[in-house]
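Structural overview for review
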Amino acid sequence: MESKEAELLRCVWVNGPIIVGAGPSGLATAASLGQLGVPCVVLDRSDRIASLWHYRTYDRLKLHLPKQFCQLPFLPFPPHFPDYPSKHQFLSYVNSYASRFNIRPRFNQSVQSARFDPLCSLWRLRTLDLSSPDSKSTVEYISRWLIVASGENAEPLLPDIPGLEQFAGPVLHTSEYKSGEDFRGQRVLVVGCGNSGMEVSLDLCNQAAVPYMVVRNS
Ligand SMILES: Cc1cc2nc3c(=O)[nH]c(=O)nc-3n(C[C@H](O)[C@H](O)[C@H](O)COP(=O)(O)OP(=O)(O)OC[C@H]3O[C@@H](n4cnc5c(N)ncnc54)[C@H](O)[C@@H]3O)c2cc1C
């Protein structure tokens, strides 16, 4: 190992599983382990709980499914919440959930690699501490167990569309879309008609933009 790297590498032994991700899945897993008296460490590269919902969803978002299908174990949504809670209600719920089960994730810890060391039957996770000014501080977390709860859509996927680079207007993924207000009076092509595509199109209509939708399937 390079001596400079050795200087910066700090090792942390975790007494219990390491959970990667402080979204709803990571929180539910941590709470379930806690109920059984099993300690764990939750790592997240973001600076807060449920970062997907906070940073990468549009303003008008409400749960797409009724609340009874989206609640986490041991704590129902508050009874006064509507059937389809808003994004802000959902965020307040997951934050109270973390407090209630005393889950304190380690934020700004971006997991770069996870390696199982067969010699000692241990997982070794290298993280980059994104809060450190030079972002070069590396920590190695070591544990017998690893639980990956890093999400199904952690990275936005923009299809490689030939000629796209010649399009002069803005191109964005729905994870960057906040409101149709920015598109007032403009024609907007929405690619895809899943939940997000449909809801964004409605939002564009409500904000006096003109959406066109293209769908691959018939
Ligand atoms: C517009 C929209 C509407 C939705 N509506 C619903 C709904 O109504 N009901 C429902 O149940 N689900 C819905 N979903 C699905 C959504 O995926 C889930 O609500 C939920 O966020 C999934 O939780 P998760 O913990 O599995 O993943 P995420 O919420 O994506 O959390 C993963 C976490 O892992 C962290 N992470 C990722 N990679 C690393 C790494 N290398 N190192 C450290 N940390 C990392 C991320 O920072 C993130 O905080 C919706 C999603 C979208 C986008």
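Definitions and limits used
Residues numbered from 1 in each chain as written. Predicted model: local features only at pLDDT ≥ 70, side-chain atom pairs only at ≥ 80, totals over all residues. Heavy atoms only, no water. UniProt positions renumbered as here; feature names shortened; annotations may be inferred. Helix = DSSP H or I, 4+ residues; strand = E, 2+ residues; numbered from the N terminus. Contact = heavy atoms within 4.5 Å. Salt bridge = Lys/Arg side-chain N within 4 Å of Asp/Glu carboxyl O. Buried < 20%, exposed > 50% of the residue type's maximum accessible area, 1.4 Å probe, protein only. Patch = residues over 30% accessible without salt bridge, like charges linked within 9 Å, V, L, I, M, F, W, Y side chains within 5 Å. Areas by Shrake-Rupley, 256 points an atom, 1.4 Å probe, with all protein chains shown as cover. Pairing = 2+ DSSP bridges. Right-handed = clockwise from strand over helix to strand, strands pointing away. Near = heavy atom within 4 Å. Polar contact = N/O pair within 3.5 Å; in protein donor to acceptor, adjacent residues only side chain to side chain. Nonpolar A, V, L, I, M, F, W, Y, C, P; charged D, E, K, R; others polar.

Labelled according to an unreviewed UniProt entry, the chain appears under the name indole-3-pyruvate monooxygenase, originating from Nymphaea colorata. Turning to the chain, the UniProt annotation filed under Catalytic activity (unreviewed entry) states: "indole-3-pyruvate + NADPH + O2 + H(+) = (indol-3-yl)acetate + CO2 + NADP(+) + H2O". Under the heading Sequence similarities (unreviewed entry), UniProt records this for the chain: "Belongs to the FMO family."

A separate point is unusual backbone geometry. Notably, serine 121 is not glycine yet its phi reads approximately 55°, a positive angle. Examined against the element boundaries, serine 121 turns out to sit in the loop between strand S4 (109-117) and strand S5 (122-129).

Among the structural elements, leucine 146 can be located in strand S7 (residues 146-148). Between the C-alpha atom of leucine 146 and that of isoleucine 19, which follows or precedes it by 127 residues, the distance is 6.2 Å. Excluding its chain neighbours within four sequence positions, the residues that come into contact with leucine 146 are Ile18, Val20, Ala114, Trp123 and Leu125.

Turning our attention to the pattern of salt bridges. A complete count under the given rule lists six salt bridges for this structure. Among the ionic pairs, arginine 124 bridges to aspartate 117, the shortest N-O distance being 3.2 Å. For the salt bridge of glutamate 140 with arginine 126, the shortest nitrogen-to-oxygen distance reads 3.2 Å. You can see glutamate 140 sitting in strand S6 (residues 138-143) and its partner arginine 126 sitting in strand S5, a full 14 residues away along the chain. Given the relative accessible area of 6%, glutamate 140 is considered buried. Several salt bridges share partner residues, and in doing so they unite Asp117, Arg124, Arg126 and Glu140 into one network.

This part takes up a nonpolar patch on the surface. Nonpolar side chains collect at one region of the surface, where Leu189, Val191, Val210, Tyr212 and Val214 lie side by side and expose about 450 Å² of accessible area between them. Those elements giving two or more residues to the nonpolar patch turn out to be strand S8 (187-191) and strand S9 (210-214). Tracing the sequence through the fold places leucine 189 in strand S8. On the basis of relative accessibility, which here comes to 54%, the residue leucine 189 falls in the exposed class.

Moving on: the pairing of S8. Residues of S8 alternate between two faces, with Val188 and Val190 buried on one and Arg187, Leu189 and Val191 left unburied on the opposite face. Bridging between S8 and S9 involves five bridges; their strand directions are parallel. Opposite arginine 187, over in S9, you have valine 210 as the bridge partner. Note that the unit made of S8, helix H5 (residues 195-206) and S9 has a crossover that is right-handed.

Turning to the site of the ligand, a few remarks are in order. Taken together, 25 residues form the shell around the ligand, and within it Ser25, Asp44, Ser51, His64 and Val111 come nearest. In this structure, serine 51 approaches the ligand through a side-chain N or O atom, which is 2.9 Å from an oxygen atom. Between leucine 65 and the ligand, the recorded distance is 3.1 Å, taken from a backbone N or O atom to an oxygen atom. Within the complex, 84% of the 980 Å² of free accessible area of the ligand lies under protein. Contributions of two or more residues to the shell around the ligand are made by helix H2 (24-35), helix H3 (51-55) and S4. Tallied by class, the residues present in the shell around the ligand amount to 11 nonpolar, 11 polar and three charged.

Most of S6 is tucked away, with six of its six residues classed as buried. Where burial is concerned, the two faces of S6 agree: the one with Thr138, Glu140 and Ile142 and the one with Val139, Tyr141 and Ser143 are both buried. Where strand S1 (residues 10-13) meets S6, four bridges bridge the pair, whose relative direction is parallel. Bridge pairing in S6 places arginine 10 opposite valine 139. Relative to S6, S5 is paired through six bridges, and the arrangement is antiparallel. Bridging across to S6, leucine 125 finds its partner in tyrosine 141.

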